[in-house]
Amino acid sequence: MNSDNKKLLELVKKNAWNHVPGLYASLEFLCMREAGIDCLATLLEKPGVLRDILCKLYCDEYSLKFIVQHVFLKPVLSSIGVQGKEEELTDVFVNNPNEFRNKLATILKSIQNK
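Residues numbered from 1 in each chain as written. Predicted model: local features only at pLDDT ≥ 70, side-chain atom pairs only at ≥ 80, totals over all residues. Heavy atoms only, no water.

1. A few points about the confidence of the model for the protein
Detailed reading of the predicted coordinates is not advisable wherever pLDDT falls low. Note the cut-off: Known as pLDDT, the predictor's per-residue confidence is scaled from 0 to 100. Helix and strand labels come from DSSP, where a helix needs a run of H or I of at least four residues and a strand needs a run of E of at least two; each type is numbered from the N terminus.
On average, the protein scores 86 in pLDDT, and the residues at 70 or more come to 91%. By mean pLDDT, helix 1 (residues 3-19) is the weakest element of the protein at 74, and helix 6 (residues 86-95) is the strongest at 95.

Right, here's the structure in full:
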């Protein structure tokens, strides 16, 4: 994991703790068990696995979208100066995880190239 991803991971952990204490630790355990990688890497590399984990834990779409948007996407996107894409990316995450992975990768690459 590169230093940028480590910073993002710490940011997501802190944000998760502030919104839903204990959530990140649970998700981290489940991501390691289901995907074999940490939670942030699962979001970036295997978002379908993370979506499935969240769907098992929270059976309603509102909770799923809240967690993705507020716990994961807002801190990641705001840390790289991207605003206003959280809701759109959340919908893509829920409906098409592969497209989500591609869109997020494109955003992250465009920031790294600046």
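2. Here we look at the packing of aromatic side chains
We describe a pair of aromatic rings using the distance from one ring centre to the other and the angle between the two ring planes. To keep things clear, this is the line we draw: Working definition: a ring pair exists when centres of Phe, Tyr or Trp rings (six-membered ring for Trp) sit within 6.5 Å. Plane angles under 30 degrees give stacked, over 60 give edge-to-face, the rest tilted. Think of it in three bands: residues with accessible area under 20% of the maximum for their type are buried, residues over 50% are exposed, and the middle band is partly exposed, with areas taken using a 1.4 Å probe on protein chains only.
Per the counting criterion, the structure on display carries two aromatic pairs. Ring geometry for phenylalanine 93 versus phenylalanine 100: centroids 5.1 Å apart, planes at 85°, classification edge-to-face. Take phenylalanine 93 and phenylalanine 100: they sit in the same class, and that class is buried.

3. Brief notes about the side chain of threonine 90
Stated precisely, the cut-off is as follows: Counting of polar contacts relies on pairs of N or O atoms within 3.5 Å, with two restrictions inside protein: one atom must be capable of donating a hydrogen and the other of accepting it, and residues adjacent in sequence are counted only when both atoms are side-chain atoms. Any two residues whose heavy atoms approach within 4.5 Å are treated as being in contact.
You can see threonine 90 is positioned in helix 6. Within polar-contact distance, the side chain of threonine 90 engages the backbone oxygen of glutamate 86 at 2.7 Å. Dropping the residues within four chain positions of it, threonine 90 is found in contact with Lys65, Val68, Gln69 and Leu73.

4. Here we look at the environment of lysine 103
Within the secondary structure, lysine 103 is located in helix 7 (residues 97-112). Judged by its relative accessible area of 28%, lysine 103 falls in the partly exposed class. Through-space distance from the C-alpha of lysine 103 to that of valine 92 is 9.0 Å; in sequence the pair is 11 residues apart. Excluding residues that lie within four positions of it along the chain, lysine 103 makes contacts with Glu88, Leu89 and Val92.

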